[in-house]
Amino acid sequence: MGVNDVALDADVIVVGAGMSGLYALKVLRERGFRVIVLDRAAGVGGTWFWNRYPGARCDIPSFEYSFGFDPELEQEWEWSEQFSPQPEIERYLNHIADRYDLRRDIRLETGVAAMTFDEATDTWIIDTETGEQLSARFCVMGTGGLSAPHRPDWPGLDSFAGEILQSSLWPEGGVELEGRRVGIVGNGSSGVQAIPELAKMAGHLTVFQRTAAFTWPSQNRPLTDTEQVELKARYRELRAQQYASPLATANTTGAVIFTIADPDRRILESTPDEREAALTEHGFSASRLWGDAAKNLDANEMAVELFREMVRRTVEDPEVADSLCPKDYPIGCKRPVLDNGYFETFNRENVTLVDLRKNPIVEVVPEGVITADGLNELDVLVFATGFDAVSGALTRIDLRGNDGRLLRDDWADGPRAFMGFGVAGYPNMFMIIGPGSVGVLATYPPHIELQVGWIADFLDHLAANGNTHVEVEPEAQEQWCAEVEAAAVGSMFTAPSCNSWYNGGNIEGKARVLPIYLGGLDRFMARARDLAANDYEGFSIR
Ligand code: N01
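What counts and how
- Residues numbered from 1 in each chain as written.
- Predicted model: local features only at pLDDT ≥ 70, side-chain atom pairs only at ≥ 80, totals over all residues.
- Heavy atoms only, no water.
- Near = heavy atom within 4 Å.
- Polar contact = N/O pair within 3.5 Å; in protein donor to acceptor, adjacent residues only side chain to side chain.
- Areas by Shrake-Rupley, 256 points an atom, 1.4 Å probe, with all protein chains shown as cover.
- Helix = DSSP H or I, 4+ residues; strand = E, 2+ residues; numbered from the N terminus.
- Nonpolar A, V, L, I, M, F, W, Y, C, P; charged D, E, K, R; others polar.
- Domains from an automatic or database assignment.
- Expected span 1.5 Å × (residues − 1).
- Buried < 20%, exposed > 50% of the residue type's maximum accessible area, 1.4 Å probe, protein only.
- Contact = heavy atoms within 4.5 Å.
- 1 Å grid on protein atoms, 1.4 Å probe; cavity = no way out; pocket = protein on both sides within 12 Å on 5 of 7 lines; lining within 4 Å.
- Points joined across faces, edges and corners; volume = space filled by probe spheres on them.
- Axes fitted to C-alpha atoms, helices over the stretch in contact; angles between N-to-C directions.
- Parallel < 35°, antiparallel > 145°, perpendicular 65-115°, else oblique.
- Pairing = 2+ DSSP bridges.

This paragraph deals with the site of the ligand. In the vicinity of the ligand there are 25 residues, among which S190, R210, T211, R335 and W501 approach most closely. Contact between the ligand and S190: an oxygen atom at 2.6 Å from a side-chain N or O atom of the residue. For the ligand, whose unbound accessible area comes to 910 Å², protein coverage reaches 88%. In terms of residues, the shell around the ligand owes the most to one element, helix α5 (residues 189–201), which gives 3 residues. Each residue belonging to the shell around the ligand can be placed in one class, and the counts come to 10 nonpolar, 10 polar and 5 charged. Here the shell around the ligand spans two domains, and each of domain 1 (3–149 + 388–468) and domain 2 (157–383) adds at least three residues to it.

Further remarks concern helix α13 (residues 444–464). When the terminal C-alpha atoms of α13 are compared, their 29 Å separation across 21 residues agrees well with the 30 Å that a helix rising 1.5 Å per residue should span. For α13, the tally of buried residues reaches 17 of 21 residues, placing the bulk of the element in the interior. G466 sits one or two residues past α13 and shows a positive phi near 65°.

Its location among the elements puts P326 in the loop between α9 (318–324) and β11 (337–339). Overall, P326 belongs to the buried group, its relative accessible area being 1%. Counting along the chain gives 19 residues from P326 to F307, while the straight-line C-alpha distance between them is 8.4 Å. Setting aside chain neighbours within four positions, we find P326 in contact with A212, A213, F214, V304, F307 and R308.

It is worth spelling out empty space enclosed by the protein at this point. By the definition in use, this model includes 6 cavities of 30 Å³ or more. Of the volumes computed, that of the largest cavity is approximately 80 Å³. Residue lining of the largest cavity: G145, V390, I433, G434, P435, S437, G439, V440, Y444, W501, P515 and I516, and that is the complete set. Tallied by class, the residues present in the lining of the largest cavity amount to 8 nonpolar, 4 polar and no charged.

At a minimum axis distance of 11 Å, the contact between α13 and helix α15 (residues 521–533) shows a crossing angle of 10°. Considering their axes alone, α13 and α15 lie roughly parallel with respect to each other. Seen from α13, the contacting residues are H447, L450, Q451 and W454; seen from α15, they are L521, F524, M525, A528, R529 and A532. Its residues assigned to classes, the contact of α13 with α15 shows 7 nonpolar, 2 polar and 1 charged.

Looking now at the sheet that holds strand β15 (residues 374–377). As summarised here, the arrangement of the 3 strands in space is β13-β14-β15, forming an open sheet in which the pairing is antiparallel. Each having just a single partner strand, β13 (361–365) and β15 make up the two edges of the open sheet. Neighbour-to-neighbour, the strand axes of the sheet open up by a mean angle of 25°, direction not taken into account. Here strand β14 (residues 368–371) pairs with β15 via 4 bridges, running antiparallel. Residue pairing for β15: T371 is matched across the bridge by G374.

Set out below in structure tokens:
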């Protein structure tokens, strides 16, 4: 049952038509709310609309990275590979938009410029980038944790005469790269996926590397017909496992990206022969087998050395291999990366590595990029330089709560929120997987289902009681932020040498905070359900 104030444009405005926004629309509409979804993109899909760079694919097994809310949808949809390529996930999300008749409430090419809470009427006023103004009682932010692109501000960038591209804003229809001199900056998940493909397409590829990456072979492959049948027969059991697990994974295949270490296998107690045997049997993955590497930096360094050894065995040029060896941060401090032939790509004749630690950027000129040792001539420059993560999509909106306070200012020292669901001082606004939730650590689609379900129940509760105002209590928020901090003590994510988007260290000048709860999704959701059962403890309602 909705709030149904017909003077407003909607009961709920959902920002974002990615996985979160699509599912929120489906659920909230079914519950009787009048919903409008706004998105800057020309199509639905969020991340999977924007990130269409060559090689883009998911690194979580396809069936785990899909929704479980409708058994019929699961039976009719076929995933073709172990790890789905971007076009397939984009098709899946478009299929969902059509199958559940979602498009009639989605306004595309309508970015949100500003959001202002009107305390007199308990209403959000939304100003779009297209000049429209909309009103709603509640807002649900499905803006994503990795959706605000980050591009370094290199001197002279505007003077570049060639084409500048961003992996996360890749043009629909692709780019003709044959015979062209292409440069790429960045080797996180995006760069590592793009580099092998760009090397095949370009005349020459120059990779500008600031930090060497830990990346492991994905071992992607097509799913066989037998696997498809088995999977479809077991979906309910696998989903139940996902919904109840710390990382929203299933026990069987597991998302190999996070769960490969054996807690009882200790590298500090291993012999050289055992480590060599691990290298022979597991290759790059030999560096990920050890339980003690997750908490002990000496153990971690030994695991890193196994990784370096594999780089040296794979990359033919010793100087290039040395540059590609991670040296100054532990395994596990950044999100793991999976690749398809990344290190082998540096053995190609048309690929050059520029190690920016040894050979830093001087400036960009019309002809290309000048580094300390001279000009790198380029026709195309690709930035795969990541995101203003977790908070960026929200702080880039002129988002004003009580007394006109600005979220960007409130979060200048890092985002603070109550369990990722809401922010003190910003009434009637919910976030899906916001700061202080389990974030990207739990596989998104099932994680989104749990979060949206919780928010929808809360909105139902408010509507049923005729409440028009809900707000996070500041004390509850502070207590939760302290718990998030406590859960992170001793983890690799907060190691002083770790600069990653997890902790804001990827962007110069950004506050260094880990806004991710490391206690696991199962515990997080149990806590969220307890709050709900306890009259939504931590929220003031009227
Ligand atoms: O971004 P990143 P991403 N000069 O921040 C470099 C998800 N994802 O888009 O390490 C030079 O990881 C930066 O260098 P450094 C996934 O969760 C998933 O690749 O900061 N270089 C780094 O190498 C992932 O973790 C999938 O020194 C600069 C790179 O740019 C997240 O998105 C695919 C620089 C940024 O790496 C983000 O991944 C893609 C500068 N000034 C993304 N600034 C899959 O499912 C930054 N860099 C597979």
